[in-house]
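Structural characterization, general
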Amino acid sequence: MERDLTTGRITATMVRFAVPMIVGDLLQQLYNVVDTLIVGKFVGRDALAAVGSSYTLMTFLTSILLGLCMGSGTVFSMYYGAKNNERLKKSAYTSFIMIAVCAVILSVIVFAFVDPIMAFLQVPGEVYQMMRNYLMIIFTGIAATFLYNFFAFLLRALGNSVVPLAFLAVSAVMNIVLDLVFVLVFDMGVEGAAIATVFSQYVSGVGLAVYTLVKHKELRPGGGIYEKGLLRELADFSFLTCLQQSIMNFGILMVQGLINSFGIVVMAAFAAAVKIDSFAYMPVQDFGNAFSIFIAQNYGAGEKERIKKGIAAAFKISAVFSIAISVVVCLFAKPLMLIFIQPHETEVLAVGMQYLRVEGAFYIGIGWLFLFYGLYRAVRKPGMSVVLTIISLGTRVVLAYTLSAVPAIGVLGIWASVPIGWFLADATGFLYYIRMRKLGMILPQRER
């Protein structure tokens, strides 16, 4: 199922490779979305607020491991494109050890500091204990998140985006079934939803790890594979990408704290609306990741023309899809909210619909921003992805706190700050791209 992305029709190659990644990530979103939907419908508004706020925190924690795996995946893709199998094997082993250590440290930190973290998030007293119980179970799934993402990015670097999807599909279905059993049958509340999620995560994580090591014996660790220079290269890519992902989600976490200060109604509305939001732009995020792997393989192979054409095609595809999704979200904001919210919760519905119509109209901004992130990772400039993230999220956080403090604007200021940040970062990414092209620094310096 491996695919060489340095040959074949460019647009078709990118789309075929991206589709399983898009479907897989949509399934991965089901882990928390199903928790949110079931507890929102069958446990109540407070449970919805607790699980929804937990989602933002877990997205931040997951982004740390995701960034590390994503950065390493770029290195894997380059070596695979260059047909350097020995370096690919060494980089896979070195990266695994490096990220595993980070996952252990992260687990220790979150368990030790769960209460200060919740205080930082300004969690209301009504939902404090419920959210804490949910988090203490969810945190046990950090190792599973690491395993799945590491081996998923390793296989995708080899051009295989189908197998990670298959394992995720199985665990997503399992999560839905277990959610229904634990919450509806055994009446275990948010704790039952958390147990269902963690168990399902381990099924996909451990399962994908075993499959990869059995199927790809050439990637198994052997003697003498540690290399100091390779560790430095992986660390450069992984930690910069981790920093980019962490900044992005830490900014969102700070906004979550601001949202919590507006009370249960706004918390519940945001908890539901952000799930719809995540589903809406998740495809362009995954297309950006697929695009990055495409560029990285071709960068490693020295295919300059494919890189140029791939960039042009990717921005067109992302624009068309983003505009179409914006139309759908804006037109169907209320029916989408009703998936999570009971019809009599009119205040929650109104706030959630406002969020979706303000932010949802501008998905092209985030679609292009994901492409810039992926492009600069793939051409050995991951630091630029960090800069763009700081611009996007810095703008969002500053404007959110500033505008929401104005009584006449309130939470509308939080929603409006998001697309403003996207477009400022897009403009910076585009200007940097133009400059790099003029200097001849955006393309590989050698032909294959």
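Cut-offs used in this document
- All chains use their own residue numbering, which begins from 1 and follows the written sequence.
- At least 70 in pLDDT is required for a residue's local features to be given in this predicted model, at least 80 for side-chain atom pairs to be given and counted, and no such filter applies to totals for whole chains, interfaces and linings, which use all residues.
- Hydrogens and waters are ignored; side-chain quantities use all the structure's heavy atoms.
- Throughout this description, the term salt bridge denotes a Lys or Arg side-chain nitrogen within 4 Å of a carboxyl oxygen of Asp or Glu.
- Elements are defined by DSSP. Helices are runs of H or I of four residues or more, strands are runs of E of two residues or more, and each kind is numbered from the N terminus.
- For every residue, the accessible area obtained with a 1.4 Å probe (protein chains only) is divided by the maximum for its type, and the residue is called buried under 20%, exposed over 50%, and partly exposed between those limits.
- By the criterion applied in these results, polar contacts are pairs of N or O atoms within 3.5 Å in which, for protein atoms, one can donate a hydrogen and the other can accept it, and in which residues neighboring in sequence qualify only through two side-chain atoms.
- Two residues form a contact once any of their heavy atoms are found within 4.5 Å.
- As a per-residue quantity, pLDDT reports the predictor's confidence and falls between 0 and 100.
- The term nonpolar core refers to a set of buried residues drawn from Ala, Val, Leu, Ile, Met, Phe, Trp, Tyr and Cys, joined through side-chain atoms within 4.5 Å.
- Expected helix span is computed as 1.5 Å times (number of residues minus one).
- Here a pair means two rings of Phe, Tyr or Trp (six-membered ring of Trp) with centres within 6.5 Å. Their orientation is stacked below 30 degrees between planes, edge-to-face above 60, and tilted elsewhere.
- We count a charge as sitting over a ring when the NZ of a lysine or the CZ of an arginine lies within 6 Å of the ring centre and within 35 degrees of the ring normal.

The full count for this structure, using the stated rule, is 2 salt bridges. Residue aspartate 115 is joined to arginine 132 by a salt bridge in which the shortest nitrogen-to-oxygen separation is 2.9 Å. Highlighted residues: aspartate 115 in helix H4 (residues 114–120) and arginine 132 in helix H5 (residues 125–138), separated in sequence by 17 residues. The class of aspartate 115 is partly exposed, set by a relative accessible area of 31%. Two residues, glutamate 305 and lysine 308, come together in a salt bridge whose shortest N-O distance is 3.5 Å. Taken together, the residues glutamate 305 and lysine 308, both in helix H11 (residues 304–331) and 3 residues apart, mark about one turn of the helix.

Among the secondary structure elements, threonine 389 is positioned in helix H15 (residues 382–404). What makes threonine 389 buried here is its relative accessible area of 0%. Taking C-alpha positions, threonine 389 is 6.8 Å from isoleucine 247, a pair spaced 142 residues apart along the chain. A polar side-chain atom of threonine 389 sits 3.3 Å from a polar atom in the side chain of tyrosine 373.

A separate point is the side chain of serine 318. Inspection of the secondary structure puts serine 318 in helix H11. The exposure class assigned to serine 318 is buried, which follows from its relative accessible area of 1%. Every residue in contact with serine 318, bar those within four places of it in the chain, is listed here: Val284, Gly367, Trp368 and Leu371.

Moving on: the confidence of the model for the chain. Per-residue confidence for the chain gives a mean pLDDT of 84, with 91% of residues at or over 70. Ranking the helices and strands of the chain by mean pLDDT puts H11 first, with 93, and helix H9 (residues 228–260) last, with 75.

We now examine the nonpolar core. Counting 144 residues, the largest nonpolar core has Ile295, Met337 and Trp415 as the members making the most contacts within it. Those residues in contact with tryptophan 415 that sit more than four places away from it in its chain are Ile259, Val266, Phe270, Val351, Gln354, Tyr355 and Val358.

Along its 16 residues, helix H6 (residues 142–157) runs 23 Å from first to last C-alpha, staying within 8% of the 22 Å computed at 1.5 Å per residue. Taking burial as the measure, the 16 residues of H6 include 15 buried ones, the bulk of the element. Positive phi appears at glycine 159, one or two residues downstream of H6, with a value of about 90°.

Before going further, it helps to spend a moment on H5. Compared with the 20 Å implied by 1.5 Å per residue over 14 residues, the 20 Å span of H5 between its first and last C-alpha is a close match. Buried residues of H5: Val127, Met131, Tyr134, Leu135 and Ile138, and no others.

This part covers the packing of aromatic side chains. Scanning all chains against the criterion turns up 21 aromatic pairs. On the basis of an interplanar angle of 85° and a centroid distance of 6.4 Å, the ring pair of tyrosine 281 and tryptophan 422 is categorised as edge-to-face. Here tryptophan 422 lies in helix H16 (residues 411–439) and tyrosine 281 lies in helix H10 (residues 264–301), a separation of 141 residues in the sequence. We note that tyrosine 281, like tryptophan 422, is buried. Between the aromatic rings of phenylalanine 362 and phenylalanine 423, the centroid separation amounts to 6.2 Å while the plane-to-plane angle is 90°, which identifies the pairing as edge-to-face. With phenylalanine 362 in the loop between helix H13 (346–359) and helix H14 (363–378) and phenylalanine 423 in helix H16, the pair connects residues that are 61 residues apart, well separated along the chain. Given a relative accessible area of 35%, phenylalanine 423 falls into the partly exposed group. The ring centre of phenylalanine 153 lies 5.3 Å from the NZ or CZ of arginine 156, which sits over that ring.

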